[in-house]
Amino acid sequence: MSATPLQLLWSEARLIVVGALVAGVLAVAGSFLVPPSFTARAVVLPPAPASAIASGALASLGALAGLATQAGGRSPDQFLALLQSRTVADRMLDQFELQKLYDKELREDARKRFWQNLRVQLNRRDGLISIEVDDHDPQRAAAMAAAMVEQLRRMASEVAVTEAAQRRKFFEERRAEAAAQLQQAQAALQRSGLAPESLKTEPKATAEVYAKLRAELTAAEVRLRVLQTTLADQAPEVRQQRSAIAGLQAQLQRLETGGVAEAEGGYVTRYREFKYQEALFEQYARQYELARVDEGREGGLLQVIDAPQVPERKSSPKRAFIGVGVSTAVGLALAIYVLLRGPRRRPA
């Protein structure tokens, strides 16, 4: 009569238990040969995608608001990418001499080892970013975590200033051009004088509407050129912008053909041109000021919620977990071995 699996396991219980215990003890003893690791943790709150001041000012930019939102703040995922970038890793290697510490001949290998000791996570519920750094020295682990926070602030500042500086320069040039054209339009208006025939047309309301439409059309054309630098002509954003331009052009054409006929260079024409240049200059000036504000922020809005502290307890190796895990694995392996082998034959 063949033995049941339970009978087989019971008959070899001593082998299974002793083997599992011995393996667990050896694993725990071997873990003492592994240098302990300590984990330092920092929690930061990245800056909001757009400041409250900029959001309020954007409402008055009309068609140019799209340009500002396009170059606005970055998402939390982008901050995670900055933390795990090669630039940050290389700066950490140089600051803490990690290539020598990790005993790596190649810088690339030292960089990979650093990334293995680094963990960054985003809590999407509250937007907080946690930075954890492992090291055999608890003091160095805390120092490296603090350095990672400073590197994040530095990278955010450098990238933000670069984008803001480009926008500031672009709108500074547009503002200067608009200012020169505004002065020319004002001088032409002053030379024209106010003729009795012009008083009958009451140009102010119509001219201001016309000027506003022309300013929006110019801004929309600027945005189209910006989009075409990064997107294909058949992209939905490009086609939508072209449709908006076509609509503004149609409104302008109705105003131009439906208005009072006037000789070229008359008072109404010059007044209308003056109001257009004035509206365009105001839009460029507001966008220029927003770029200056962004350039001056320098990524300093990064807030440290939990500053890294020197860890008091090691994070690895976890000897209890190692002992229990190895004992359980070896015990299961021995049990399977006993079941597959079957009952041992006794000598006759």
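Placed above this text is the structure.
One numbering rule holds for all chains: residues counted from 1, following each sequence as written. Local features in a predicted model are, by the rule used here, given only for residues with pLDDT of at least 70; side-chain atom pairs are given and counted only at 80 or more, and totals for whole chains, interfaces and linings are based on all residues. Only heavy atoms go into the side-chain values, all of them from the structure, while hydrogens and water stay out.

A. The arrangement of the nonpolar core in detail. Among buried residues, those of type Ala, Val, Leu, Ile, Met, Phe, Trp, Tyr and Cys that are joined through side-chain atoms within 4.5 Å constitute a nonpolar core. A 1.4 Å probe rolled over the protein chains alone gives each residue an accessible area, and that area as a share of the maximum for its type sets the label: buried under 20%, exposed over 50%, partly exposed in between. Formed by 33 residues in total, the largest nonpolar core has its most connected members in Met-92, Leu-98, Phe-114, Ile-129, Ile-131, Met-144 and Met-148. Considering every element that reaches this core, the biggest residue donor is helix 9 (residues 138–192), with 10 residues. Working rule for contacts: check all heavy atoms of both residues, and any pair within 4.5 Å makes them a contact. Not counting chain neighbours up to four residues away, the residues in contact with Phe-114 comprise Ala-89, Met-92, Leu-93, Leu-98, Tyr-102, Met-144 and Met-148. Leu-213, Leu-224, Val-238 and Ile-245 belong to the second largest nonpolar core, which has 11 residues in total. The numbering of helices and of strands both runs from the N terminus, where a helix is a DSSP run of H or I of at least 4 residues and a strand a run of E of at least 2.

B. Spotlight on the pairing of strand 3 (residues 128–135). Burial analysis of strand 3 places seven of its eight residues in the buried class, which makes it a mostly covered element. Pairing of strand 1 (residues 38–45) with strand 3, which is carried by seven bridges, proceeds in the antiparallel orientation. Opposite Ala-40, over in strand 3, you have Val-133 as the bridge partner. Should DSSP find at least two bridges between two strands, the strands are regarded as paired. Relative to strand 3, strand 2 (residues 118–123) runs antiparallel, the two sharing six bridges. Counted as the bridge partner of Val-120 is Ile-131 from strand 3. What sits between the antiparallel neighbours strand 2 and strand 3 is a turn of four residues, in which Gly-127 has the positive phi angle 80 degrees.

C. Looking closely at the sheet that holds strand 4 (residues 303–306). In spatial order, the strands read 2-3-1-4; together these four strands make up an open sheet with antiparallel pairing. Whereas interior strands pair on both sides, the edge strands pair on one side only; in this sheet they are strand 2 and strand 4. Direction aside, the axes of adjacent strands within the sheet are offset by 25 degrees on average. The convention used is that axes are lines fitted to C-alpha atoms, helices contributing only their stretch in contact, and that angles between N-to-C directions extend from 0 to 180 degrees.

D. Broad picture of helix 8 (residues 107–116). Ala-110, Arg-111 and Phe-114 are the residues of helix 8 that are buried. The buried residues of helix 8 occupy one face: seen down the axis, they fall within an arc of 100 degrees. Arc, as used here, means the arc of the directions from the helix axis to the C-beta atoms.

E. Looking closely at a nonpolar patch on the surface. The patches described consist of residues with a relative accessible area above 30% and no salt bridge, like charges being joined within 9 Å and nonpolar side chains (Val, Leu, Ile, Met, Phe, Trp, Tyr) within 5 Å. Using the Shrake-Rupley algorithm and a 1.4 Å probe, accessible areas are obtained, with residue cover drawn only from the displayed protein chains. For salt bridges, the criterion is a side-chain nitrogen of Lys or Arg within 4 Å of an Asp or Glu carboxyl oxygen. Together, Val-18, Val-22 and Leu-26 make up a nonpolar patch on the protein surface, roughly 260 Å² of accessible area in all. You can see Val-22 is positioned in helix 2 (residues 13–31).

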